[in-house]
Amino acid sequence: MTENRDCAETDVCPSTDPLFREFSVRSLHLRNRIVMSPMTRTHSPGGVPGDKVARYYRRRAEGGTGLIITEGVAIDHPASVDHARVPNMFASTALDGWRSVVDGVHEAGGRIIPQLWHVGPLWGAMGGSPAITPMRPSGLWGTPGITTYSDEYVKASEPVTRAMTTADIKSVISAFRAAARSAVNAGFDGIALHGGHGYLLDAFLWADTNRRTDEWGGDAERRAAFPAAVVRAIREEIGEDLPIFFRFSQHKQQDFGARLADTPEELRALLRPLVAAGVDVLDASARRFQAPAFEGSDLSLAGWAKQLTGAPAMAVGSVGIGSAIKDRRSSGNPVLDNREELLRRLDTEEFDLIAIGRLHLADPDLVQTLRAGRPLPHYDYVLHESDLV
Ligand SMILES: Cc1cc2nc3c(=O)[nH]c(=O)nc-3n(C[C@H](O)[C@H](O)[C@H](O)COP(=O)(O)O)c2cc1C
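Values in this document were obtained by computation on a predicted structure and should not be read as measured data. (Residues numbered from 1 in each chain as written. Predicted model: local features only at pLDDT ≥ 70, side-chain atom pairs only at ≥ 80, totals over all residues. Heavy atoms only, no water.)

Undergrad: Would you mind going over the pattern of salt bridges with me for this structure?
TA: Inspection of the entire model under this criterion finds 28 salt bridges. Residue Arg-211 is joined to Asp-208 by a salt bridge in which the shortest nitrogen-to-oxygen separation is 3.8 Å. Between Glu-341 and Arg-345 there is a salt bridge; the shortest N-O distance is 2.7 Å. Of the two residues, Glu-341 and Arg-345 both sit in helix 10 (residues 339-347), 4 residues apart, roughly one turn of that helix. (Salt bridge = Lys/Arg side-chain N within 4 Å of Asp/Glu carboxyl O. Helix = DSSP H or I, 4+ residues; strand = E, 2+ residues; numbered from the N terminus.)

Listed below in structure tokens is the structure:
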């Protein structure tokens, strides 16, 4: 990376560096291409993001991060998120908390959107009550494979539960819509949806967990019908002004080796209905941003998403780190300087934005570090994930 010290202290310096080109989608204008990836931190007791959470996000905005996507946020549905310290987007105290978070980020010149989350089949993974029926498209948890979950939890999740009814589907769509309205009222700059990693929206996209034969299941396009209905409801609710980001992934919490789409054609059939419904940015969640998504091409998952749909795409995964997310607790998480590769792919517009997770925990001034071409920070699981700083 080139030294650019004149620009290190300011965000107004015009730069040709592909990371520091501005980016706009609908009314959202970003000062650079660097996004803080959504990270669940469980520091919001009773679902309320307090001062500590506000300071944490504000700190990254002060550091120059272009866009912050919050940790997953619960929507108002009984089986939405199974952890009492995950923030929600419905209680009035939580909404007051979010207003402070948003104001702080805006004052620091940043932009912020919440990641709306329903865990679907994975209810119980963080400790939810077994008395609550998980929302599963066909009653299935998913075929277990390479996972960080305990054998005990995987075993307890195996029994088939009730498939979601039409009433369940409607109530979840309404809850997403209401959460989007609350988020806009709190001042957020857009909406992000968690449609990856095996959670509810992904469980409809994934053939392994969606065996439905009604309008919500079938071939790839039909499996996209429920997430697309959620997107349409949100678009209808929030209007045309603000962007909607949608995260999807090949890998699942149930099996890091799983694949959502075996071919580009299948991926196109899954993603196009989402874009047609109102998604503006496809957030292609991968463990390594540069990993080829399909044989015969070095195009990344984000690159394919953009090429197949024409929509802007965001890549993510192991920027600056030699260990993928699933191994972060056990590996030493060595620094891996893959900046040249990132810059090359951004410069050729293979994708438009780069989300960075763990390095944002290790260094709140990450953007300045990147701008100045300084050595990358070393992410340490114990040091950087124990507390919210
Ligand atoms: C502590 C932690 C919590 C995470 N929580 C979420 C989450 O709530 N929603 C989500 O979509 N991804 C979540 N992720 C995944 C990150 O958004 C990101 O995709 C992943 O860490 C890979 O990026 P990185 O290699 O830059 O860390 C989490 C990651 C970490 C490290």
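From this point, the narrative continues.
Undergrad: Even after reading the chapter, I still don't get the side chain of Thr-369, so can you show me in this structure?
TA: Tracing the chain through its elements places Thr-369 in helix 12 (residues 366-372). Among the polar contacts listed, one links the side chain of Thr-369 to the side chain of Asp-363, at a separation of 2.6 Å. With residues up to four places along the chain from it excluded, the contact list for Thr-369 reads Arg-339, Asp-363, Arg-374, Pro-375 and Pro-377. (Polar contact = N/O pair within 3.5 Å; in protein donor to acceptor, adjacent residues only side chain to side chain. Contact = heavy atoms within 4.5 Å.)

Undergrad: Please clarify how the nonpolar core should be interpreted in this entry.
TA: Where a protein is soluble and globular, its nonpolar side chains tend to be buried together. Counting residues in hydrophobic clusters, the biggest one holds 109 residues, and the most contacted among them are Tyr-57, Leu-193, Phe-226 and Phe-248. In this structure, Val-25, Leu-30, Ala-192 and Val-281 belong to the second largest nonpolar core, which totals 15 residues. (Core = buried A, V, L, I, M, F, W, Y, C linked by side-chain atoms within 4.5 Å. Buried < 20%, exposed > 50% of the residue type's maximum accessible area, 1.4 Å probe, protein only.)

Undergrad: What's the story with the pairing of strand 7 (residues 244-249) in this structure? I'm lost.
TA: For a regular strand, side chains alternate in direction, first toward one face of the sheet and then toward the other. Counting buried positions over the 6 residues of strand 7 gives 6, a clear majority of the element. What you see with strand 7 is no split at all: Ile-244, Phe-246 and Phe-248 on one side and Phe-245, Arg-247 and Ser-249 on the other are buried throughout. Inspection of the sheet shows strand 6 (residues 191-194) paired to strand 7 by 4 bridges, in the parallel sense. Following the sheet pairing, Leu-193 is matched in strand 7 by Phe-246. Examined bridge by bridge, strand 7 and strand 8 (residues 281-285) share 5 bridges and lie parallel to one another. Bridge pairing in strand 8 places Arg-247 opposite Asp-283. Handedness of the crossover joining strand 7 and strand 8 through helix 8 (residues 264-277) is recorded here as right-handed. (Pairing = 2+ DSSP bridges. Right-handed = clockwise from strand over helix to strand, strands pointing away.)

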